[in-house]
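Geometric and topological summary
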Amino acid sequence: MSTATLSINLEALTANWRALDQHTHVETAAVVKADGYGLGSARVCRALAAAGCKRFFVAVAEEGAAVRNAVGPGPEINVFSGHMRGDTDMISDLQLTPMLNSLDQITRHFEALPRHPFGIQLDTGMNRLGLEWGDWAKVAEFALSQRPTLLMSHLACADDPAHPMNAYQLDVFRQMTDGLGAPRSLAATGGTLLGPEYHFDLCRPGIGIYGGLPFANARPVVQVDLPVVQTRSLAKGEVVGYSNAWQAPRPSRIATVSAGYADGLIRAMSGNATLWHADTPCPLVGRVSMDLITVDITDLPETPDALTILGPQQTVDDLANTAGTIGYEILTSLGRRYHRRTVTG
Ligand SMILES: *Cc1c(COP(=O)(O)O)cnc(C)c1O
């Protein structure tokens, strides 16, 4: 079999969630948008629910359907994008809780589903989702009378603890919500680590659960092993791959490995990334192609069956750095072709 293997360590995943939960004295939810950051929201949600997580957040209502199927009727499933046209049946049938983002969404929600649970998302300066201050002032009294499950906002710079935007958004959020009596949430992974004044009633980490920065103490959750399809010996001066992008500076052994940019090994990794055979680093050489990469294994004493691109030696953030991106994009780009399996321990 030449399909690459993506192993998901559910014990590390739940340990990361518990460790973030222990940073706070408040409830900790889990963000499972984009199919559980690419790892499969059903398995992720079931593991976290078994560990005690009672609230999940998704980006769009359709994602909520998979989560509801996985966790059953108890847990609360919140939808960041709110109540869009066409979402009403799903929100109602699957008992999803939309985070309403605009006056239009508030009108739509109370016309279609009066008495159905809802939250409100407020914009505190990121200018992406949520009601701005002026609109909030217009509807706050009515919205509060309908008992929102949550008032929430999102921090733009929480991965940088020293950034003045954090304290600014905290101040705006407090001014918009202090004394209103409704439950509140401001912190994702970064905010959870900023300290108790950012925690309010609920933290909602995502990336830290999956082993990514800014949760530096996270346990790695994913391992990706790529089968070696073929190896060959090159004389000094021979070239490898599209556009002859690499030329052997010495007699070399090259392994052709099964995975490429269709599997989320983005082309920007060409000539930069490193694969591993146990503790020995093996440089990716030449261009990443759609289904294959080529790796210099000259320094290995034996021919490996597989090489590791994500694992204990190299985190999602290490790999992201080789391609000028972030761990979030690496995880969510991994794609559908892997043989996904869960492991524990
Ligand atoms: C994605 C997202 C989160 C989770 O963020 P992480 O940085 O992955 O912890 C929380 N809240 C909102 C609004 C989000 O969009």
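First, a word on scope: everything that follows refers to the structure included in this document. Worth saying up front: this structure is predicted, and the values here are computed from it rather than measured.

Criteria and cut-off values
- Residues numbered from 1 in each chain as written.
- Predicted model: local features only at pLDDT ≥ 70, side-chain atom pairs only at ≥ 80, totals over all residues.
- Heavy atoms only, no water.
- Near = heavy atom within 4 Å.
- Polar contact = N/O pair within 3.5 Å; in protein donor to acceptor, adjacent residues only side chain to side chain.
- Areas by Shrake-Rupley, 256 points an atom, 1.4 Å probe, with all protein chains shown as cover.
- Nonpolar A, V, L, I, M, F, W, Y, C, P; charged D, E, K, R; others polar.
- Phe/Tyr/Trp six-rings, centres within 6.5 Å; stacked < 30°, edge-to-face > 60°.
- Helix = DSSP H or I, 4+ residues; strand = E, 2+ residues; numbered from the N terminus.
- Buried < 20%, exposed > 50% of the residue type's maximum accessible area, 1.4 Å probe, protein only.

**Focus: the site of the ligand**
In the region of the ligand, 15 residues are neighbours, and K33, Y37, T189, I207 and Y328 sit closest. R204 has a polar side-chain atom sitting 3.0 Å from a nitrogen atom of the ligand. Here Y328 contributes a side-chain N or O atom positioned 2.6 Å from an oxygen atom of the ligand. Surface burial for the ligand is 92%, taken as the share of its 390 Å² of free accessible area covered by protein chains. A per-class count over the shell around the ligand returns 8 nonpolar, 4 polar and 3 charged.

**Some words on the packing of aromatic side chains**
Tallied over the entire structure, the rule returns 6 aromatic pairs. Ring geometry for Y37 and Y210: centres 4.4 Å apart, planes at 15°, overall stacked. With Y37 in helix α2 (residues 33–37) and Y210 in the loop between β10 (202–203) and β11 (222–234), this residue pair connects regions lying 173 residues apart in the sequence. Y37 sits in the buried class, given a relative accessible area of 6%. Y210 sits in the buried class, given a relative accessible area of 1%. Ring geometry for F173 and F200: centres 5.1 Å apart, planes at 90°, overall edge-to-face. Here F173 is found in helix α8 (residues 164–177), whereas its partner F200 is found in the loop between α9 (189–194) and β10, with 27 residues between them in sequence. The residues F173 and F200 share a single accessibility class, namely buried.

Treat this as a map of the structure, not an account of what it does.
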